[in-house]
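What follows is each chain in one-letter form.
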Amino acid sequence: MRDGYEKRGNAEDELIQRAAVKLGRELLSGLAESFGTDECDMAQLLLHEGVSSVERAASLAWRELKRMEAEGALEGEPESYVADDRFIELITQLPCRKAVETLHAARRSERARDKVKLYVRNARLPRTIARTAPVSGARDYARMGSAQFARLRDEYRRSAMNGKKHKL
């Protein structure tokens with residue numbers, strides 16, 4: 001009877017062990033996803049003793065920024081993101097990739113807003129008079145050269161032969 005209990009106890013221990021490993025992997029996977037990194041990096045950072053959680057998070061964010069730079073997903077150097085206060089605030093609330101995407105969207109929004117402001121500011125400028133004033137069609141025959149006058153006379157004669165009437 002003792003042997004049956006040991007067999008069942010070992011089976012239960014093995015079942016508990018497998019469940020713990022599975023649960024641990026799921027937790028590690030979720031944690032890695034929330035930090036925007038892979039499970040291996042997350043496990044290494046969790047096992048380093050004597051390192052604060054802020055240093056771990058900063059290290060993960062820096063690694064992810066370097067990966068994104070290699071992929072061409074950044075709009076500049078990783079240092080520029082670290083220097084941006086908005087990014088630092090976002091990185092405390094979101095995974096690194098989501099923080100970068102949010103920052104890019106904010107920057108695009110700012111550029112669009114600046115373009116609208118420029119358009120509105122330029123719309124208030126006065127229009128040039130030449131664009132709004134009617135153009136005078138009167139010709140200055142006194143200052144016209146003889147060759148130019150002869151071309152104009154020939155043009156009027158041709159159009160008159162086609163039935164068009166002109167007022168001088």
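Let me begin by describing the structure that accompanies this report. What you are looking at is a predicted structure, and each value in this text was computed from that prediction instead of being measured.

Moving on, we get to the overall build of the chain. A tally of regular secondary structure across the chain gives 8 helices and 0 strands. Along the chain, from the amino end to the carboxyl end, the secondary structure elements read α-α-α-α-α-α-α-α. In the chain, buried positions account for 17% of the 168 residues. Residue pairs at least 24 apart in sequence account for 33% of intrachain contacts in the chain once pairs closer than 6 positions are excluded. As presented, the chain carries roughly 13700 Å² of accessible surface, and 56% of it is formed by carbon and sulfur atoms.

To describe a pair of aromatic rings, one takes the distance between the centres and the angle between the planes. Using the criterion set out here, one finds 1 aromatic pair in the structure. With a centroid separation of 5.8 Å and 75° between ring planes, the pair formed by tyrosine 81 and phenylalanine 87 is classed as edge-to-face. With relative accessibility at 2%, the residue phenylalanine 87 sits in the buried group. Stacked on the ring of tyrosine 81, the Lys or Arg arginine 107 has its end atom at 5.1 Å from the ring centre.

On to the pattern of salt bridges. When the charged atoms of two side chains lie near each other, side chains of opposite charge can form a pair. Going through the model one piece at a time under the given rule, you end up with 8 salt bridges. Linking arginine 67 and glutamate 64 is a salt bridge whose minimum nitrogen-to-oxygen distance equals 2.7 Å. Separated by 3 residues within a single helix, arginine 67 and glutamate 64 lie in helix α3 (residues 53-71), roughly one turn from each other. Here glutamate 64 falls in the buried class, since its relative accessible area comes to 2%. Two residues, arginine 86 and glutamate 110, come together in a salt bridge whose shortest N-O distance is 2.5 Å. Placement of the pair is arginine 86 in helix α5 (residues 85-91) and glutamate 110 in helix α6 (residues 96-123), with a sequence separation of 24 residues. Classification of arginine 86 as partly exposed rests on a relative accessible area of 32%. Taken together, the salt bridges that share partners define one network made up of Glu64, Arg67, Glu71 and Arg97.

The terminal C-alpha atoms of helix α8 (residues 146-161) lie 22 Å apart, and with 16 residues this matches the ideal 22 Å at 1.5 Å per residue to within 8%. Glycine 163 sits one or two positions beyond α8 and adopts a positive phi of about 100°.

What counts and what doesn't
Residues numbered from 1 in each chain as written. Predicted model: local features only at pLDDT ≥ 70, side-chain atom pairs only at ≥ 80, totals over all residues. Heavy atoms only, no water. Helix = DSSP H or I, 4+ residues; strand = E, 2+ residues; numbered from the N terminus. Buried < 20%, exposed > 50% of the residue type's maximum accessible area, 1.4 Å probe, protein only. Contact = heavy atoms within 4.5 Å. Areas by Shrake-Rupley, 256 points an atom, 1.4 Å probe, with all protein chains shown as cover. Phe/Tyr/Trp six-rings, centres within 6.5 Å; stacked < 30°, edge-to-face > 60°. Lys NZ or Arg CZ within 6 Å of the ring centre and 35° of its normal. Salt bridge = Lys/Arg side-chain N within 4 Å of Asp/Glu carboxyl O. Expected span 1.5 Å × (residues − 1).

That is the geometry; function is a separate question.
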